[in-house]
Amino acid sequence: MTQLGARPAPTPEPRVDGLAARVRLGRVFRPVSAEFALIASTSLLLTVFGLVMILSASSANAVEGGQDPFAIVMTQALVAAIGVPLMFLMSRFPVRFWKRMAWLILIGAVGLQMLVYTPLGYENDGNTNWLRIAGQVVQPSEFIKLALAVWAGFILWRKQELLGRWKHVFIPLIPVGFLAIAAVLGGKDLGTSMILFLVILGALFFSGVRLRIFILPLLVSLVAVLGFAFADERRRALILGVFDDSNDTSCYLTSCYQQVHAIWGMANGGIFGLGLGNSREKYGWLPAASNDYIFAIVGEELGLIGCALVLALFVLFAVAVFRMIRKTDDLFIRVTSGGIVVWILSQALINIGVVLRVVPVLGVPLPFMSQGGTSLLSVLLACGVLLSFARTLPAPAPRFAQAGPVRS
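The paragraphs below set out a description of the structure included in this document. (Residues numbered from 1 in each chain as written. Predicted model: local features only at pLDDT ≥ 70, side-chain atom pairs only at ≥ 80, totals over all residues. Heavy atoms only, no water.)

**Examining the overall build of the protein chain**
Here is step 1 of the chain: A tally of regular secondary structure across the protein chain gives 15 helices and 3 strands.
Here is step 2 of the chain: Counting across all 408 residues of the protein chain, residues that qualify as buried make up 46%.
Here is step 3 of the chain: Contacts in the protein chain between residues far apart in sequence, at least 24 positions, make up 74% of those at least 6 positions apart.
Here is step 4 of the chain: Looking at the protein chain as shown, the accessible area adds up to about 20900 Å², and 66% of this sits on carbon and sulfur atoms. (Helix = DSSP H or I, 4+ residues; strand = E, 2+ residues; numbered from the N terminus. Buried < 20%, exposed > 50% of the residue type's maximum accessible area, 1.4 Å probe, protein only. Contact = heavy atoms within 4.5 Å. Areas by Shrake-Rupley, 256 points an atom, 1.4 Å probe, with all protein chains shown as cover.)

**Examining helix 13 (residues 331-355)**
Note that an α-helix has 3.6 residues per turn; residues three or four places apart therefore point the same way.
Here is step 1 of the chain: Between its first and last C-alpha, helix 13 extends 36 Å over 25 residues, near the 36 Å set by a 1.5 Å rise per residue.
Here is step 2 of the chain: Where helix 13 starts, the residue carrying a side-chain oxygen 2.9 Å from the main-chain nitrogen of Phe332 turns out to be Asp330.
Here is step 3 of the chain: Looking one or two places after helix 13, you find Arg357, whose phi comes out positive at around 60°. (Expected span 1.5 Å × (residues − 1). Polar contact = N/O pair within 3.5 Å; in protein donor to acceptor, adjacent residues only side chain to side chain.)

**A look at the pattern of salt bridges**
Here is step 1 of the chain: By the definition in use, this model includes 5 salt bridges.
Here is step 2 of the chain: Residue Arg323 is joined to Glu35 by a salt bridge in which the shortest nitrogen-to-oxygen separation is 3.0 Å. Of this pair, Arg323 sits in helix 12 (residues 294-327) while Glu35 sits in helix 2 (residues 34-64), and the two are 288 residues apart along the sequence.
Here is step 3 of the chain: According to the relative accessible area criterion, Arg323 is partly exposed, its value standing at 33%.
Here is step 4 of the chain: Of the residues examined, Glu35 reaches a relative accessible area of 1% and is grouped as buried.
Here is step 5 of the chain: For Lys145, the salt bridge goes to Glu142, with nearest N and O atoms at 3.0 Å. One end of the pair, Lys145, and the other, Glu142, are both in helix 5 (residues 141-158), 3 residues apart, so they sit about a helical turn from each other. For the pair formed by Lys145 and Glu142, the shared burial category is buried.
Here is step 6 of the chain: Linked through salt bridges whose partners overlap, the residues forming this network are Glu35, Arg323 and Lys327. (Salt bridge = Lys/Arg side-chain N within 4 Å of Asp/Glu carboxyl O.)

**Here's the deal with the pairing of strand 1 (residues 121-124)**
Regular strands place side chains that alternate from one sheet face to the opposite one.
Here is step 1 of the chain: As judged from the 4 bridges shared by strand 1 and strand 2 (residues 127-133), these two strands associate in the antiparallel manner. What sits directly across from Glu123, in strand 2, is Thr128. (Pairing = 2+ DSSP bridges.)

**Structural notes on the nonpolar core**
Here is step 1 of the chain: Counting residues in hydrophobic clusters, the biggest one holds 105 residues, and the most contacted among them are Ile340, Trp343, Phe368 and Met369.
Here is step 2 of the chain: Looking at this core element by element, the count peaks at 15 residues for helix 12.
Here is step 3 of the chain: When sequence neighbours within four positions are dropped, the list of residues in contact with Met369 reads Leu46, Phe49, Gly50, Met53, Ile54, Ile294, Val298 and Val310. (Core = buried A, V, L, I, M, F, W, Y, C linked by side-chain atoms within 4.5 Å.)

**Some points on the sheet that holds strand 1**
To summarise the sheet geometry, strands pair through backbone hydrogen bonds and adopt either a parallel or an antiparallel arrangement.
Here is step 1 of the chain: Taken in spatial order, the 3 strands of this open sheet run 1-2-3, and their pairing is antiparallel. In this open sheet, the two edge strands, each paired with only one partner strand, are strand 1 and strand 3 (136-138). Across this sheet, the average inter-strand angle for adjacent strands is 45°, counted without regard to direction. (Axes fitted to C-alpha atoms, helices over the stretch in contact; angles between N-to-C directions.)

**Points about the packing of helix 5 against helix 14 (residues 373-390)**
Here is step 1 of the chain: At their nearest, the axes of helix 5 and helix 14 sit 8 Å apart, and the two run at 15° to each other. On the basis of the axis angle, helix 5 is roughly parallel to helix 14. Where helix 5 crosses over helix 14, the handedness of that crossing is right-handed. Counted together, Glu142, Phe143 and Leu146 of helix 5 and Thr374, Ser375, Leu377, Ser378, Leu381, Ala382 and Val385 of helix 14 form the full contact between these two elements.
Here is step 2 of the chain: Its residues assigned to classes, the contact of helix 5 with helix 14 shows 6 nonpolar, 3 polar and 1 charged. (Parallel < 35°, antiparallel > 145°, perpendicular 65-115°, else oblique. Left-handed = near helix turned anticlockwise from the far one by under 90°. Nonpolar A, V, L, I, M, F, W, Y, C, P; charged D, E, K, R; others polar.)

**A word on helix 12**
Here is step 1 of the chain: Its 34 residues place the ends of helix 12 only 35 Å apart at the C-alpha level, less than the 50 Å of an ideal helix rising 1.5 Å per residue.
Here is step 2 of the chain: The principal kink in helix 12, of about 130°, is found at Leu302. (Bend = angle between axes of the 7 residues up to and from the residue.)

**So, the pairing of strand 2**
Here is step 1 of the chain: The turn joining strand 1 and strand 2, which pair antiparallel and follow one another in sequence, is formed by 2 residues; a positive phi near 55° is taken by Asp125.
Here is step 2 of the chain: Bridging between strand 2 and strand 3 involves 3 bridges; their strand directions are antiparallel. Bridging across to strand 3, Arg132 finds its partner in Val137.
Here is step 3 of the chain: Hairpin connection, strand 2 to strand 3: the antiparallel pair is bridged by 2 residues, and Ala134 has positive phi, about 55°.

**Focus: the packing of aromatic side chains**
Here is step 1 of the chain: One pass over the structure, following the stated rule, counts 12 aromatic pairs.
Here is step 2 of the chain: Plain terms: the ring middles of Trp166 and Phe170 are 5.9 Å apart, the flat faces sit at 65° to each other, and that makes the pair edge-to-face. Of the two residues, Trp166 and Phe170 are both situated in helix 6 (residues 166-170); the distance of 4 residues between them amounts to about one turn of the helix.
Here is step 3 of the chain: Phe170 sits in the buried class, given a relative accessible area of 11%.
Here is step 4 of the chain: Grouped by ring-pair contacts, the aromatic residues Phe93, Phe97 and Trp98 constitute a single cluster. (Phe/Tyr/Trp six-rings, centres within 6.5 Å; stacked < 30°, edge-to-face > 60°.)

Okay, here's the thing in structure tokens:
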């Protein structure tokens, strides 16, 4: 029995746990943009394609040497099994997360690169650009590519109202960028240093700065690369060997052995190829068959059709990123995406150019496909950043929403 004047007990509100859960699930499984789907699908297809070709290119020599024919591809598959979930996990991060973490990502990547000058550093073929940790070889400079793209996007986004003045364009972008590149160049890795140069140039281009401001760092970069390249006798021979049109055998035992065998392998493939697993060059003739020259094995086993398929996947990947750049209004997304796509496309073109002997040997892998866990992981992480940006684009409207009114 209630007393007079006493307030009635409040009626408990109905629980909405089920509704809240459905709302959260709706956000997770909401439709994604066409750019998101295209970037994700092309990156996955290229990764799977690369695993198949690595197995084909590495198993022959492994069997001949009495080793496990699946050892190399299983290591690469393990990296892919880690990198693909990380790619989709990173796609859930908001854009503001990348803006806040830009400086920290760059400092961490450069700090990791500086470890190559400690006893952990590992030298291979004249380059000190690797770390040997717990029996595994890691190339930290691969992470600087992504870090530099994100950091450059953040810097130019913060100064978007001041990009008409060259001082605000160059500082701190050029000094800090060159310090990051110098950390790699100190280990004599010219190929990776060139990619980092292109990442900065790509960021400047997509930021919309005036052409006269853009040309100056381009000329400085060109002079620096040529000067560093011709200062070393071995690199000078590799560069001049590209322009040696006398005959293929003149430099066969010196500077163009691998490129000559790469061209012979692709010529043997013809249009349809010799068949998957039937390469002849991988039997000791092409030493880096599963690394920098994986495209030559694609051409020999799958022919012109296989090469065209690889190129088509890279073109579709680039189209998706360029569509995202065109649609977004956020300068940070535009500049960072531009730096990443310039990195991946330029590295692919350089690698294919080396195989076709139109570009000097620079030692850069084919993205997604070449053997190398660090390279594959860095590219998949970069795709995760792109997918995070693609989530900001509007998803395609449902078909029933696009249809007109139904007439009776």
